[in-house]
Amino acid sequence: MRNAVIAAIAGALLGCGQTPAPPSGHAPKTMPEKTGSHGHDEEASKERAYHAQEHEEAAEAHAYADHRGRGHHKHHRFTNAAEWTAQFDSPERAAWQKPDEVVAALKLTPAMTVADLGAGTGYFTVRLARAVPQGQVVANDLEPDMVKWIGERAAKEGLGNVVTVAGAATDPKLPEGLDVALMVDTYHHIDEPSQFFGKVRDALKPGGLLVIVDFKKDAPEDAPGPPAAMRVDDAIVAAHLQKLGFTHERTDRELLPYQYLVFMRKPG
């Protein structure tokens, strides 16, 4: 699925440097028209939108094939946690990421078990851990150095309810019984979303919540995050996860200036 566009899961992600302009002659995208909250027409519309954007993103990704010099590309790796911390945990990020507001939007209760998918340096992990003092946070990442860093950070901050997990590109290797799974700034890096989120679905309890935070397709070109060719529209995210059996509860495009929050529920 979108192998030409989205790379292996890497960790919570910031944009690096100025993003490129769209290829010349490329027409702006329009959102698929919604025909209502139920019915065959809406499902057909989502299906068309999903496949249309897959093809469009593949074409755009080819045009940006060597934008590594701009600091953000489809095979972006995050192998040195100490170096990435300066960006991931910067005050500048807090201004637009609003991490405390994002955690509040999850409506966590103190004894919940929460997964931080693509946890990076633990930017959200530590906040989640404080929100569930009687519960547990499973911090997942693909990069071994990030996993090690989060464990050390949690110990330094006295957060004994953090468990780290080294996942794989198609399997986050989560324990069963999760109440909530959160993924921030990482969806657009996943190479095989059907396999990956199928595993997330299986790890969630019936009625469990999955929340995807990622960059708006129509965010300004100079906004933080990936170039437009790598962004995935929130409607496409919701449609794909619905195909995996999740129920779309709502999408919030107002809380954050450059990002959306997609709320998906595993049926009870």
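Residues numbered from 1 in each chain as written. Predicted model: local features only at pLDDT ≥ 70, side-chain atom pairs only at ≥ 80, totals over all residues. Heavy atoms only, no water.

Caption draft 1: Spotlight on helix 8 (residues 234-243). Of all 10 residues making up helix 8, 7 are buried, and the element is well covered by its neighbours. Looking at helix 8, one finds that the buried residues are D234, I236, V237, A238, A239, H240 and L241. Its side-chain oxygen 2.9 Å from the backbone nitrogen of A235, D233 forms the N-cap of helix 8. (Buried < 20%, exposed > 50% of the residue type's maximum accessible area, 1.4 Å probe, protein only. Helix = DSSP H or I, 4+ residues; strand = E, 2+ residues; numbered from the N terminus. Polar contact = N/O pair within 3.5 Å; in protein donor to acceptor, adjacent residues only side chain to side chain.)

Caption draft 2: Spotlight on the side chain of K217. By the secondary structure assignment, K217 is in the loop between strand 5 (204-215) and helix 8. A polar contact of 2.9 Å, which involves the side chain of K217, links it to the backbone oxygen of A228.

Caption draft 3: A look at the pairing of strand 3 (residues 162-166). Sheet topology note: the strand 2 (residues 136-141)/strand 3 ladder contains 5 bridges and is parallel. Bridging across to strand 3, V137 finds its partner in V162. The parallel pair strand 2 and strand 3, bridged by helix 6 (residues 144-156), forms a crossover whose chirality is right-handed. (Pairing = 2+ DSSP bridges. Right-handed = clockwise from strand over helix to strand, strands pointing away.)

Caption draft 4: Structural context of the pairing of strand 4 (residues 178-184). Of all 7 residues that make up strand 4, 7 are buried, and the element is covered over most of its length. Bridge analysis of strand 1 (residues 113-117) against strand 4 gives 4 bridges, and the strand direction is parallel. Looking at strand 4, one finds that D116 is bridged to L182. Crossover connection from strand 4 via helix 7 (residues 193-203) to parallel strand 5: handedness right-handed.

Caption draft 5: Structural detail: the pattern of salt bridges. Going through the model one piece at a time under the given rule, you end up with 11 salt bridges. Between D218 and R253 there is a salt bridge; the shortest N-O distance is 3.0 Å. With D218 in the loop between strand 5 and helix 8 and R253 in the loop between strand 6 (247-252) and strand 7 (259-265), this residue pair connects regions lying 35 residues apart in the sequence. The class of D218 is exposed, set by a relative accessible area of 55%. Among the ionic pairs, D252 bridges to R250, the shortest N-O distance being 3.9 Å. R250 gets classed as partly exposed once you look at its relative accessible area, which sits at 36%. A single network of salt bridges, built from pairs that share partners, joins R130, R153 and E157. (Salt bridge = Lys/Arg side-chain N within 4 Å of Asp/Glu carboxyl O.)

Caption draft 6: Here's a closer look at the nonpolar core. Judged by nonpolar contacts, the single largest core of 29 residues is most densely connected at L108 and L128. Residue assignment for this core shows that the elements contributing at least two residues are helix 4 (99-105), helix 5 (125-131), strand 2, helix 6, strand 4, strand 5 and strand 7. Those residues in contact with L128 that lie beyond four places of it in its chain are V103, L106, L108, V114, D116, V137 and L182. Within the second largest apolar cluster, 27 residues are counted, among which are A181, M183, F196 and V232. (Core = buried A, V, L, I, M, F, W, Y, C linked by side-chain atoms within 4.5 Å. Contact = heavy atoms within 4.5 Å.)

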